[in-house]
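So the chains spell out like this:
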Amino acid sequence: MPQEVGTSSAPAESRPARFLLEVLRGIAQVDFMPSALCGAVFLAALFASGWRYGLYGLLGAAVATATAHALGIDHALVGAGLRGFNGCLIGTGFAVFLGPAHLSTFLLTLFGSSLVVVVTSALAIMLGTWNVPTFTMPFCLVTSVMTVGAPGLEKAWHGAHGLAALPVPASGATALSWQQTWHAFFGNFGQIFFMPQWYVGLMFLVGIALANRLAAAMACLGSVTGLVVAVLLGSPAEGVSQGLMGYNAVLVAMALCGVFVAPSAWSVAYAIGGAGAATVLTSAFDSFVGPFGGHTFTWPFVLTAVLFVAAVPSIPRLRRT
Amino acid sequence: MPQEVGTSSAPAESRPARFLLEVLRGIAQVDFMPSALCGAVFLAALFASGWRYGLYGLLGAAVATATAHALGIDHALVGAGLRGFNGCLIGTGFAVFLGPAHLSTFLLTLFGSSLVVVVTSALAIMLGTWNVPTFTMPFCLVTSVMTVGAPGLEKAWHGAHGLAALPVPASGATALSWQQTWHAFFGNFGQIFFMPQWYVGLMFLVGIALANRLAAAMACLGSVTGLVVAVLLGSPAEGVSQGLMGYNAVLVAMALCGVFVAPSAWSVAYAIGGAGAATVLTSAFDSFVGPFGGHTFTWPFVLTAVLFVAAVPSIPRLRRT
Amino acid sequence: MPQEVGTSSAPAESRPARFLLEVLRGIAQVDFMPSALCGAVFLAALFASGWRYGLYGLLGAAVATATAHALGIDHALVGAGLRGFNGCLIGTGFAVFLGPAHLSTFLLTLFGSSLVVVVTSALAIMLGTWNVPTFTMPFCLVTSVMTVGAPGLEKAWHGAHGLAALPVPASGATALSWQQTWHAFFGNFGQIFFMPQWYVGLMFLVGIALANRLAAAMACLGSVTGLVVAVLLGSPAEGVSQGLMGYNAVLVAMALCGVFVAPSAWSVAYAIGGAGAATVLTSAFDSFVGPFGGHTFTWPFVLTAVLFVAAVPSIPRLRRT
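Since the model is a prediction, treat every value here as computed from it, not as a measurement.

Attention now moves to the overall build of chain A. Secondary structure assignment for chain A yields 15 helices and zero strands. Taking 2.2 N^0.38 as the reference for a compact globule, 321 residues should give roughly 20 Å; the C-alpha atoms of chain A span a radius of gyration of 18 Å, in line with that estimate. Counting only C-alpha atoms, chain A reaches 55 × 55 × 35 Å along its principal axes. For chain A, with 321 residues in total, the buried portion stands at 64%. Contacts spanning at least 24 positions in sequence make up 74% of the contacts within chain A whose residues lie at least 6 apart. Split by element, the accessible area of chain A, about 10,400 Å² in all, is 69% carbon and sulfur.

Next comes the structure, spelled out in structure tokens:
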């Protein structure tokens, strides 16, 4: 769990093996799991989507973990994968949004996934004032800056996609076919790592389930909540079926029942409410970032989770883990 | 006053009567008044503008107050109306910006005005670090997310108004007629609840005066300050006459002399300075939110008041109430 | 150094002389130097760029310093110039972006550079929670609000430049000539005060060197870092040669090695990393502010420096000054 405590690996392991386990845990921590097995399944899912995405995700997690060690960051945190997961997302995100085949993308990934360790330390201190974790905010910050800045930097951009545009009201079909519905259910897991394929999403769900049953159940509940809210409010079916409206709801539901809030009937309701809010926020973020050419990433999850976790001490029906 | 203290109602009242008083106080707290009488006058003003706006304002305040009780939030806070006022604004705001005649607007109001209780708790904890209240920030957040997200959600939007557009330099007449001038003076009170009619604004002013003379005087001073600054800087007359340039100044002036800062000659000057700053910030916010289809709401008031209240401990000429 | 400590002037000086020294220190504190001599050189550089810019910079610093005294702000802070530097930048910035020849610009400068003292006090309290200084954030806030709000205020704007526009991908030459290269190196110092001329930048560098050798060396290193990153990533040569891509890197490099972080080999590397990050963030900010007609100012420096300084306590390789 991406709290600011963790368990260091057993001293019996060799150094490279220990580092590998830390990197795998880093990949798993994207979904809050401090489990190397889960991380290995996640990595397989990335490779299933494209070998370059797998390599970039691994590279980002490894660079961030190594940087954290070099800077002397608390071993327990690094050992639990808590300084690697933002790097993993940066690697994958840079590959997806800047193109994996450019040398510039490779070098920027090295820089970005080192830098994110500093950003994480800063945000951990600031949000720590209210006992709130940083979630994926460090990744969101670094990748937003890179992708928003890139069109002005010819040798980072190479004419990639994602131009700025004023938001326009939704149009097109909003009714989901059965196939689009179950694709959406699984896509909601995959889009956390930017991957739209249903089978990649299924692999991520399997990875979570191997590490923690409750987390997998809450992930499913979050996915259904995001899907139902998106359909009821009339979000265009095309995006919904690719998981673009539900991935934030998945993360929020896990965070608010089990990971950061103690499981209870109240916290299940809290998680559903948060997942619904994150779904509307996803639509709002899509409009907000459009004019300057940004992307929504997991900002809706981060902002929802920060508020809902910060509020817990004022709400007697709930308590923190 | 929307500080994090309040007076619980007398135990002699019946439960429904006590709840009604809490809801009315919630409506009054939009303008910082912990007075059920003031809330009743405000509610009458909303009904005078349109019966649906009255119903939505009442609904929002009632749902938020009931949610706060269900979550077990501190009774003193809820009793003083401090968990109802953001709900009241959300109900009225959703009715104005999403259209009051849709079932979706009704359901979203139920959800939004429950949710805002969580957002308020979180922000109260975070801003409490600096002894700063949350003002209407919870309402601004929830309503901004809903209105910015709505155009991407066909069944919430129904082709409503308020499309995204790049800001353009002001044009059109800036000189106010006498009628526009006094309409603006009263409109500045009504626009706090999104209502442009001068007589609705007058009713709000009467409500404030019934609860607190100083607050009414500062509200008038804020309205005049906003009006003078807008005219001197050349804001288009049409918007000024509807109160769109001065409602933030009204709230800032009340907050900075009497409500959160102890009254004195220095705090009157402080309030005038803050009201002037909030007026320029209103113009800036109009430009800022244009490209993504947002609305200014009371963000300029919130941001100005957070900074001006937070600064007080460093300024020996002023002290907090 | 803009930390919240300072040295008050010796009591032997006459009051006007003491005030003049405080104002000059205020001008110098834009680049972290608590030195009246440095401030005098900076002021000469502003006059070299245009006599009105010099007057406006002096006016802003003087009004802010006087306001701080009137409000009773801590003498040690004001004496070290720490309540004047944001005013200096506001005066110069308003002159550049609203036009120096209008009465409105003069009056708005009086108001803005008084107001910024309140904003600075508020932010000093809030960021003080994490022992982080406010940098030029107060200036960035006030000047952003003014320039974004101005196009909607006909009598503040007078049809000035800087209209809103969606960001477009970079085009045009990215290879720098030798002349553009050394112009960029010096322009990076001048653009901190919005001045593009190489000789004005050189004068600022001389001013820094007179006050502190290490700071001058780090400023040069920051300028080179910004230049190299901008060229490698393919930023259009025209902007680079005017210093528009490197002025944030200069400030970050000074802040992260010597001013707020104790000098060491690690902090030099930290400063280079931060300067590189600030350069990419500069490009991102240019895109972000475009649609609403904003300007980048020193926001990239402020945000980078806040995070990098806040992170220091978690990084055993570094320590604060």
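Turning to the interface of chain A and chain C, a few remarks are in order. Chain A puts 36 residues into the contact, and the matching count from chain C is 40 residues. Interface area lost by chain A to chain C is led by Leu71(A), Met126(A) and Leu153(A), which between them contribute 18%. Put simply, chain A and chain C have zero salt bridges between them. Where chain A packs against chain C, one counts nine residue pairs in polar contact (both at pLDDT 80 or more). Tallying contributions element by element places helix H6 (residues 103-128) of chain A first for the side of chain A that touches chain C, with ten residues. In terms of residue class, the side of chain A that touches chain C is built from 28 nonpolar, six polar and two charged.

Turning next to the packing of aromatic side chains. Using the criterion set out here, one finds 69 aromatic pairs over all chains in the structure. Where Phe185(C) meets Phe189(C), the ring centres are 5.4 Å apart and the plane angle is 90°; that geometry is what we call edge-to-face. Here the residue Phe185(C) and the residue Phe189(C) both occupy positions in helix H9 (residues 178-190), the gap between them amounting to four residues, near one helical turn. One exposure class covers both Phe185(C) and Phe189(C), and it is buried. Taken together, the ring pairs connect Phe285(A), Phe288(A), Phe292(A), Trp299(A), Phe285(B), Phe288(B), Phe292(B), Trp299(B), Phe285(C), Phe288(C), Phe292(C) and Trp299(C) into an aromatic cluster.

Residue and element names in this part refer to chain B. Helix length check: helix H5 (residues 85-98), at 14 residues, gives a terminal C-alpha distance of 19 Å against a target of 20 Å (1.5 Å per residue), a fit within 8%. Within H5, 14 of the 14 residues are buried, which leaves it mostly tucked inside the rest of the structure. At the C-terminal side of H5, Gly99 shows a positive phi close to 95°.

Taken as rigid bodies, chain A and chain C are interconverted by a rotation of 120° and an axial shift of 0.0 Å, the fit giving an RMSD of 0.0 Å. Such values leave the two copies arranged in the relation of a three-fold axis. Relative to the rotation axis, the closest C-alpha in chain A is found at Pro291(A), a distance of 3.6 Å.

All names here are of chain C. Within the secondary structure layout, Ile90 lies in helix H5 (residues 85-98). Relative accessible area serves as the criterion here: at 0%, Ile90 is assigned to the buried category. The sequence separation of Ile90 and Cys140 amounts to 50 residues, and the corresponding C-alpha distance is 8.5 Å.

Scanning the entire structure with this criterion turns up zero disulfides over all chains. Not engaged in a disulfide, the cysteine Cys220(A) finds its nearest cysteine sulfur in Cys257(A); these two sulfurs lie 13 Å apart. With relative accessibility at 23%, the residue Cys220(A) sits in the partly exposed group. The thiol of Cys140(C) is unpaired, and the distance to the nearest cysteine sulfur, on Cys88(C), comes to 13 Å.

For the rest of this paragraph, the subject is the packing of helix H11 (residues 213-233) of chain C against helix H14 (residues 265-289) of chain C. Residue and element names in this part refer to chain C. Packing of H11 against H14 leaves a shortest axis separation of 9 Å and a crossing angle of 45°. The angle between H11 and H14 falls in the class oblique. Crossing handedness for the pair H11 and H14: right-handed. In this structure, H11 uses Met218, Leu221, Thr225, Gly226, Val229, Ala230 and Leu233 to contact H14, whose residues at the interface are Val268, Ala271, Ile272, Ala275, Gly276, Thr279 and Val280. Of the residues that constitute the contact of H11 with H14, the class distribution is ten nonpolar, four polar and no charged.

Attention now goes to the confidence of the model for chain A. Residues and elements named next belong to chain A. In the predicted model, chain A carries a mean pLDDT of 94, and the fraction of residues at 70 or more is 96%. Taken together, the stretch residues 1-10 has pLDDT below 50 and engages in 31 contacts with residues farther than four places along the chain or on a different chain. Both scores are given for the predicted complex: the pTM is 0.95, the ipTM 0.94.

Located in the positive-phi region is Asn131(B), a residue other than glycine, with phi close to 55°. When you line up the elements, Asn131(B) lands in the loop between helix H6 (103-128) and helix H7 (137-149).

Counting from both sides, the interface comprises 40 residues of chain A and, opposite them, 36 residues of chain B. Broken down residue by residue, the surface that chain A buries against chain B is led by Trp130(A), Leu233(A) and Leu307(A), which jointly contribute 21%. Applying the counting criterion to the chain A and chain B interface returns zero salt bridges. Linking chain A to chain B there are nine residue pairs in polar contact (both at pLDDT 80 or more). For the side of chain A that touches chain B, the elements supplying multiple residues, two or more each, are helix H11 (213-233), helix H14 (265-289) and helix H15 (299-311) of chain A. Considering each element in turn, the side of chain A that touches chain B owes the most residues, eleven residues, to H14(A).

Of all hydrophobic cores here, the largest spans 338 residues; its most connected members are Phe135(A), Phe135(B) and Phe135(C). Not counting chain neighbours up to four residues away, the residues in contact with Phe135(A) comprise Phe32(A), Phe85(A), Asn86(A), Ala255(A), Phe260(A), Phe301(A), Val302(A), Ala305(A), Val306(A) and Val309(A).

Now for helix H7 (residues 137-149) of chain C. The end-to-end C-alpha separation of H7(C) is 18 Å, in line with the 18 Å expected for 13 residues at 1.5 Å each. A large share of H7(C) lies buried, amounting to eleven of its 13 residues. Among all positions of H7(C), only Met137(C), Pro138(C), Phe139(C), Cys140(C), Val142(C), Thr143(C), Ser144(C), Met146(C), Thr147(C), Val148(C) and Gly149(C) are buried. Taken together, the buried residues of H7(C) touch helix H14 (265-289) of chain B together with H5, helix H6 (103-128), helix H8 (154-157) and helix H15 (299-311) of chain C.

Below, the discussion takes up the packing of helix H1 (residues 15-28) of chain C against helix H2 (residues 36-49) of chain C. Residues and elements named next belong to chain C. Put simply, H1 and H2 touch, their axes get as near as 7 Å, and they point 70° apart. Judged by the inter-axis angle, H1 sits roughly perpendicular to H2. The two elements H1 and H2 cross, and the hand of that crossing is left-handed. On the side of H1, the interface is formed by Leu21, Leu24, Arg25, Ile27 and Ala28, while H2 contributes Ala36, Cys38, Gly39, Ala40, Phe42 and Leu43. When its residues are assigned to classes, the contact of H1 with H2 shows nine nonpolar, one polar and one charged.

Calculation rules
- Residues numbered from 1 in each chain as written.
- Chains lettered and ligands numbered in written order.
- Predicted model: local features only at pLDDT ≥ 70, side-chain atom pairs only at ≥ 80, totals over all residues.
- Heavy atoms only, no water.
- Helix = DSSP H or I, 4+ residues; strand = E, 2+ residues; numbered from the N terminus.
- Rg over C-alpha atoms; globule rule 2.2 N^0.38 Å.
- Buried < 20%, exposed > 50% of the residue type's maximum accessible area, 1.4 Å probe, protein only.
- Contact = heavy atoms within 4.5 Å.
- Areas by Shrake-Rupley, 256 points an atom, 1.4 Å probe, with all protein chains shown as cover.
- Buried area = accessible area lost by both parts, 1.4 Å probe.
- Salt bridge = Lys/Arg side-chain N within 4 Å of Asp/Glu carboxyl O.
- Polar contact = N/O pair within 3.5 Å; in protein donor to acceptor, adjacent residues only side chain to side chain.
- Nonpolar A, V, L, I, M, F, W, Y, C, P; charged D, E, K, R; others polar.
- Phe/Tyr/Trp six-rings, centres within 6.5 Å; stacked < 30°, edge-to-face > 60°.
- Expected span 1.5 Å × (residues − 1).
- Least-squares fit on C-alpha atoms with pLDDT ≥ 70 in both.
- Disulfide = S-S within 2.5 Å.
- Axes fitted to C-alpha atoms, helices over the stretch in contact; angles between N-to-C directions.
- Parallel < 35°, antiparallel > 145°, perpendicular 65-115°, else oblique.
- Left-handed = near helix turned anticlockwise from the far one by under 90°.
- pLDDT = per-residue confidence, 0-100.
- Core = buried A, V, L, I, M, F, W, Y, C linked by side-chain atoms within 4.5 Å.

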